[in-house]
Amino acid sequence: TCLNNLAESLRVMNRLVDYFKTCASLDNKQHWKVDARSLAELPFHLSCGGRDLELRELFSSLSYLDARVATGQIFEQVGDYSLIATPLSVGLAEWRDFLQKHAQRLAEYPAMLVALANHEGFPSALTQAATTDWLRPWLKTSAEPTPPSPSNQDRAKVVSLSYSFL
């Protein structure tokens with residue numbers, strides 16, 4: 001069927017957005033099913049339907065990105081940032097750059113995005129990793145405190161002790 005006008009085209013795109021959201025979302029934005037087709041189609045239809053704000057929210061959501069990357073679509077996700085109609089905000093550029101920087105690692109280990117965001121992420125990624133109730137387990141790491149460096153006097157004691165046993 002050929003769509004006759006812009007209004008009809010937008011109506012169809014919006015119905016497709018609703019369909020793919022329903023297929024992919026477990027609980028309305030907090031958790032997503034690892035459903036490759038729905039996760040891949042949703043951004044395209046948001047873009048074609050003129051729903052740029054929702055697309056921006058989607059592409060800055062660690063829970064969506066985690067599900068999308070888990071399907072093995074890391075390179076496609078990085079490419080999909082071009083669907084956003086206006087120049088990327090600083091926040092979206094951070095997500096795109098982070099994914100692009102770690103794309104090779106995420107292609108090999110697609111289930112590690114949350115742990116990677118927690119360990120090497122920027123403020124928004126760190127906040128989302130810490131505050132989201134994740135359905136799948138992930139390796140949570142935190143920076144270890146740096147031990148105080150020993151003084152020269154303490155080093156001399158260690159050296160003298162080691163020599164006393166020889």
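Note that the coordinates shown come from a computational prediction; the quantities given were computed from them, not determined experimentally.

K.L.:
How should I be thinking about the pattern of salt bridges in this particular structure?
P.N.:
In a structure, side chains of opposite charge can pair up when their charged atoms sit close to one another. Tallied over the full model, the rule gives 8 salt bridges. Across the pair Glu54 and Arg51 runs a salt bridge, and its minimum N-O distance is 2.7 Å. With relative accessibility at 24%, the residue Glu54 sits in the partly exposed group. Among the ionic pairs, Asp97 bridges to Arg96, the shortest N-O distance being 2.9 Å. Asp97 sits in the partly exposed class, given a relative accessible area of 38%. Of the residues examined, Arg96 reaches a relative accessible area of 26% and is grouped as partly exposed. Connected through shared salt-bridge partners, Asp18, Lys21, Arg51 and Glu54 make up one network.

K.L.:
So what exactly am I meant to see when it comes to the packing of helix α2 (residues 36-48) against helix α4 (residues 62-70) here?
P.N.:
Between two packed helices, what matters for the description is the angle formed by their axes and the separation of those axes. Interhelical geometry of α2 versus α4 gives an angle of 125 degrees and a closest axis separation of 9 Å. Relative to α4, the element α2 is oriented oblique. As α2 runs across α4, the sense of the crossing is left-handed. Contacts between α2 and α4 involve Leu39, Ala40 and Pro43 on the former and, on the latter, Tyr64, Ala67 and Arg68.

The rules behind each value
Residues numbered from 1 in each chain as written. Predicted model: local features only at pLDDT ≥ 70, side-chain atom pairs only at ≥ 80, totals over all residues. Heavy atoms only, no water. Salt bridge = Lys/Arg side-chain N within 4 Å of Asp/Glu carboxyl O. Buried < 20%, exposed > 50% of the residue type's maximum accessible area, 1.4 Å probe, protein only. Axes fitted to C-alpha atoms, helices over the stretch in contact; angles between N-to-C directions. Helix = DSSP H or I, 4+ residues; strand = E, 2+ residues; numbered from the N terminus. Parallel < 35°, antiparallel > 145°, perpendicular 65-115°, else oblique. Left-handed = near helix turned anticlockwise from the far one by under 90°. Contact = heavy atoms within 4.5 Å.

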